[in-house]
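Results of the structural survey
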There are 2 protein chains.
Amino acid sequence: MPLTANDPTRKSWLDVPANSDFPIQNIPFGVFLTRDDVITIGTRIGDTAIDLGAMHQLGYFKGIDLTDDLFLQDSLNDFIADGRKTWRLVRNRISDIFLHTSPGLRDDQEHRKKVLFSMEEIEMQLPVDVGDYTDFYASKEHATNVGSLFRDPENALLPNWLRIPIGYHGRSSSIVPSGTPVRRPIGQTKPGEDGIPGFGPSKLLDFELEMAFITTATNDLGKRVPIEEAEENIFGLVLFNDWSARDIQAWEYVPLGPFLGKNFASTISPWIVTLDALEPFRTAGPVQDPEPLPYLQQSDAKNFDIHLQAIIQPENGAENIVANSNFKYMYWSMSQQLAHHTVNGCNVRSGDMMGSGTISGPTKDSYGSMLELTWRGQNPLQLSDGSERKFINDDDTVILRGFCKNEDVRIGFGDCSGKVLPAN
Amino acid sequence: MPLTANDPTRKSWLDVPANSDFPIQNIPFGVFLTRDDVITIGTRIGDTAIDLGAMHQLGYFKGIDLTDDLFLQDSLNDFIADGRKTWRLVRNRISDIFLHTSPGLRDDQEHRKKVLFSMEEIEMQLPVDVGDYTDFYASKEHATNVGSLFRDPENALLPNWLRIPIGYHGRSSSIVPSGTPVRRPIGQTKPGEDGIPGFGPSKLLDFELEMAFITTATNDLGKRVPIEEAEENIFGLVLFNDWSARDIQAWEYVPLGPFLGKNFASTISPWIVTLDALEPFRTAGPVQDPEPLPYLQQSDAKNFDIHLQAIIQPENGAENIVANSNFKYMYWSMSQQLAHHTVNGCNVRSGDMMGSGTISGPTKDSYGSMLELTWRGQNPLQLSDGSERKFINDDDTVILRGFCKNEDVRIGFGDCSGKVLPAN
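The following paragraphs examine the structure supplied in this document. (Residues numbered from 1 in each chain as written. Chains lettered and ligands numbered in written order. Predicted model: local features only at pLDDT ≥ 70, side-chain atom pairs only at ≥ 80, totals over all residues. Heavy atoms only, no water.)

**Observations regarding the packing of aromatic side chains**
One pass over the full model with this rule turns up 32 aromatic pairs over all chains. Ring plane angle 15° and centroid distance 4.7 Å describe the contact between Phe199(A) and Tyr295(B), whose orientation is recorded as stacked. Residue Phe199(A) is located in strand 11 (residues 198–201), and its partner Tyr295(B) is located in the loop between strand 18 (282–283) and strand 19 (303–304); the two belong to separate chains. Here Phe199(A) falls in the partly exposed class, since its relative accessible area comes to 39%. Grouping aromatic residues by their ring pairs yields a cluster made of Phe29(A), Phe61(A), Phe71(A), Phe79(A), Trp87(A) and Phe235(A). Geometry around Phe403(B) places Arg410(B) over its ring, the cationic atom sitting 4.1 Å from the centre. (Phe/Tyr/Trp six-rings, centres within 6.5 Å; stacked < 30°, edge-to-face > 60°. Helix = DSSP H or I, 4+ residues; strand = E, 2+ residues; numbered from the N terminus. Buried < 20%, exposed > 50% of the residue type's maximum accessible area, 1.4 Å probe, protein only. Lys NZ or Arg CZ within 6 Å of the ring centre and 35° of its normal.)

Structure follows, in C-alpha cells:
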C-alpha cells in the first residue's frame, strides 16, 4: 500500500508553525482527554489535536473496516492489534481529509467544533496499556561506557554483548506520560565502612536518553517472529526517559539485573510516531562484526536517522542541551531486538513496549546519561545559570526531544518531559 | 472481621473427597469457562466448581456492596481491587451458603443447575490479568546453590543478598494456567572452542518450584507500602513453575539478569488460595542475621507452613516425586518483598504477581530445581521406569503440588502442571 501520507509536497488546511514536529506528513497517534472529559484516540497536526473518535462517528472513515468504538478507547491497543494495513489506511485517510485542497471537514464548522481542539484544551494520556515492557541495551558506546564505570575498563564490553541484543524486563506500571512529575526514589545503597547499607533518597539520580517501539500482537506462545517480518509488527516509536538511581542500581543489580534503581518511573512522549512516517529517514546501522547468527541477520538499511537531545532545565531557569545523540547509533536494530525476543517462543502482545537502552554516540557530548556525560561525577556539567550538575537535582526538569529532518520535511516527537520532586 | 470461613468444624453439603485440597475451609478464587461457553469467576469445594457470577445474579450476595458484573469477568482484578473487607465478606458468605446445615441453594434444584459444575464441564483460565510480574530470589539455600554452580562456591552468596530481598522483573505475557503445554525453547548458548555461540533447542530445560502471591492495588506512584500494611494488600497465593533454560540463561544473564532463559513460559495453578485461608498455618521464618534495615523489620510470624512437591511424570509413566520442600524456608517474607518493592515509590496494581524464587530447603531432596537436585547434571535422578534425568526431557510432565495440613484441616492448591513439547 502506498504511503500517500508521506508525500512531502502535501500541505494541510490546518496551520502548522515553522519547525513544528507535527506537519501533515507525521500524523502520530495518541490518547487524550478532551475539554468535555471524554477519553479518545487522536492525532495532531501543528498545534491542533484531532479527535478520531468524533471523526469516526461523523463517518470520515467510511469504507475502512473499523469497529464502531475503535477510537473511543483509553488505549491504542485494539487499533494497533488491527495490523499494519489498517494503520496505513487510517493514516492515509487522515492525510487526505486534512489536505489543503480537501473540502469536507475543512468547510464544515459544526464538524470542526466536534473534532478539533487546541493543545490547551486536552490532556495527553498514556497511548497504550503496556502489557510488558522490555528494555534493551543496544548502544555499543553506552554498554562500553557503563562497563568501564561499573566493572572493568579493560573488559568493558562483556563477551555476550556482540552476539546478543541484551535486554531485560522492566516495570510497566510506572511508565508515565510526559509532564508527570517524578519523585526522587529512596533505597538501599552500598555499605560504608561499618558494613551497613546506606538508606535514603538517591544521591545519583540520572536520566537515560532512549527511544521505545510499540508492537502489535506478533506471535503466539511457542512461535517466533522471523527477522524479515519484524518491522511489519512495529507500530511506531516514542521518546523514552528511563530514569535511573545509580547508587541504588549499583548495590542491587548483581546477579539479577536492575530493579528498584529503575522501576520508580519511566517517562514517554505521548504521541506514537509511526514507523511509516519515519520511512524517509531510514539509514544503515553500524557495521556488525562479528557477523550475527543467522536469525539476527538483516540486509536492509535497518536504522533510522533521528536526532535526539537531552535537556536540563533548572527550576525557573533556561533550557540547557546536555546531550546530542542519534537513534542511528543503535548497534542492534529494532528488528533484531524483536527477532531475538521471540526466538525462544516468548509471545509479544499489542501495546508491548521495547526500549532501546540509552543511546550514546561516539563523542562525549553525545552520551545519553549523566553517568556517562560527567563520567560518574568526575566532570560536572556547567549550566547556563552558573550552577553545575553531576547528576539531576530536585526541581530540575529533564526534557528529551527527537526529530528527523531532510530538505523536504521535519518529523518530530514532541517533548518527553519530567520534573524531579524531592523524596518523600 | 472474623474469618468464619476458617472454622475447622464446618462441613459442606457438597461432597468433599478425603484428602481433597478444597474443603469448605479453602474457598479459593479462579476464572473458568463453563459448559455454556460463559466466562465467569468461581470457587471450588471438593470436585465441584461454583459459578459466582450466577450466584450473584440469583441474589446470593445480597447485602454485600458489589457491582452487578463483578464476577462476570475474565479476571479477578476488579474483585481483588475491592480490598480485603470485600474478599472476607464474600468468602464468609460462600462458606455460609455451602454449610451442610444451610438450606437455600442446597435445596433449590433450579439454582443448583445454574451454579454448580463438575470439573470436567469447565476449563480453568488465568485467574488474573497480570499487569506486572516480579520474581524474587528469597530462598537462601537456592541462592547459595546457584551461586556455587554459576559463579564461585567460596563466595556463593553475594554481599547484597542478606540485606535486600533481591528480585527482578519477569514476563507477564507468558504466564499460563496449569495444563498448558510448554514448548522447549530455542536460543543462543555459550560459544565453544570456535568462539561462535551455540544455537538450538535448550539442552538444560529445568523447572523451578516456586509460589507467587497476587496483590491488590497497593500504592500510588511515589508512595510506599509500610511493612505493617503489606499483608492486607496480598490477596492470595498460587503455585508457580518458573521454567528455565539453564544453558540460555548462563550465556545471557550478565549483566542485566535472566531474559530468554526464563520468559518462554511460567505455569501457575489456576485457583488463588487466599491468605485468609492460610492463616492457621502461619509460622516463623528463618532467623535473619544481620538484622534487616528498619523498613524490612517484621516482628510477627511471617511465613506459612506449606508443603511443596515437584513431580516428574514421563510420557505414559508414573509420577516421581523429585523434591519435597516448604514455603516456610523463604528467608525473605512476602511482606518484606512487598515493602522492598515499593520503598522507592514503585506502584503495584491489582492483579500483579510476585514469585518467591525457587524454594529450596536445607536437604538435598528439598531442592527446588533440577539444576540443584542433580548438581548441574553430575548426579542424575533415577525415575521409577528405570530412566534417569539430568534435566527435563521432551514429553515429560512436571507437576507442582502444595498443601497445608494440621489435625483439623487440609488446604491445598491443586495441580500446577505442564507437559514439555519438543522444540519447533
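**Things to note about the sheet that holds strand 2 (residues 39–45) of chain B**
All names here are of chain B. An order of 4-3-2-1-5 is seen for the five strands of this open sheet, with the pairing classed as antiparallel. Edge positions in the sheet fall to strand 4 (116–118) and strand 5 (123–124), since each of these pairs with one other strand and no more. Across two bridges, strand 1 (residues 30–33) lies against strand 5 in antiparallel orientation. Note on strand 5: the bridge partner recorded for leucine 33 is glutamate 123. (Pairing = 2+ DSSP bridges.)

**As for helix 5 (residues 140–150) of chain A**
The buried fraction of helix 5 of chain A is high, at eight of eleven residues. Those residues of helix 5 of chain A that are buried lie in contact with helix 6 (246–252) and helix 9 (370–373) of chain A. (Contact = heavy atoms within 4.5 Å.)

**Focus on the relation of the copies chain A and chain B**
In screw terms, the move from chain A to chain B is a rotation of 180° and a rise of 0.0 Å along the axis, fitting with an RMSD of 0.0 Å. When the rotation and shift are considered jointly, the pair of chain copies conforms to a two-fold rotation axis. Minimal C-alpha separation from the rotation axis in chain A is found for Gly257(A), amounting to 2.2 Å. Both copies share a contact surface, since 100% of the interface residues of chain A are interface residues in chain B too. (Least-squares fit on C-alpha atoms with pLDDT ≥ 70 in both.)

**Details of the nonpolar core**
Within the largest apolar cluster, 150 residues are counted, with the highest numbers of intra-cluster contacts made by Leu237(A), Ile306(A), Phe327(A), Leu237(B), Ile306(B) and Phe327(B). Non-local contacts of Phe327(B), meaning those with residues more than four positions away in its chain, are made with Met211(B), Leu237(B), Asn303(B), Phe304(B), Ile306(B), Leu308(B), Met334(B), Ser356(B) and Ile359(B). (Core = buried A, V, L, I, M, F, W, Y, C linked by side-chain atoms within 4.5 Å.)

**Points about the pattern of salt bridges**
Residue and element names in this part refer to chain A. With the rule as written, the count across this model stands at 42 salt bridges over all chains. A salt bridge links aspartate 276 to arginine 88, with the nearest nitrogen and oxygen atoms 2.9 Å apart. Highlighted residues: aspartate 276 in helix 7 (residues 275–278) and arginine 88 in helix 3 (residues 84–98), separated in sequence by 188 residues. With a relative accessible area of 15%, arginine 88 lands in the buried category. Taken together, the salt bridges that share partners define one network made up of Asp206, Glu208, Asp242, Arg246 and Lys262. (Salt bridge = Lys/Arg side-chain N within 4 Å of Asp/Glu carboxyl O.)

**With respect to the side chain of Thr40(A)**
Residue and element names in this part refer to chain A. Within the secondary structure, threonine 40 sits in strand 2 (residues 39–45). Threonine 40 sits in the buried class, given a relative accessible area of 0%. Here aspartate 51 takes part through its side chain, which lies 2.7 Å from a polar atom of the side chain of threonine 40. Of the polar contacts made by the side chain of threonine 40, one reaches the backbone oxygen of phenylalanine 71; its length is 3.4 Å. (Polar contact = N/O pair within 3.5 Å; in protein donor to acceptor, adjacent residues only side chain to side chain.)

**Concerning the interface of chain A and chain B**
The parts lose accessible area when they come together, and the size of an interface is often stated as this lost area. In this complex, chain A contributes 59 residues to the contact, which on the side of chain B involves 59 residues. Across the chain A to chain B interface the summed buried area is about 5,400 Å²; carbon plus sulfur atoms make up 61%. Three residues, Arg171(A), Leu256(A) and Phe259(A), lead the burial of chain A against chain B; their summed loss comes to 15% of the area buried on that side. Counting across the chain A and chain B interface gives four salt bridges. We note a salt bridge from Arg171(B) to Asp352(A), for which the minimum N-O separation is 2.7 Å. Counting across the interface, chain A meets chain B through 34 residue pairs in polar contact (both at pLDDT 80 or more). (Buried area = accessible area lost by both parts, 1.4 Å probe.)

Purely spatial values, then, with no claim about function.
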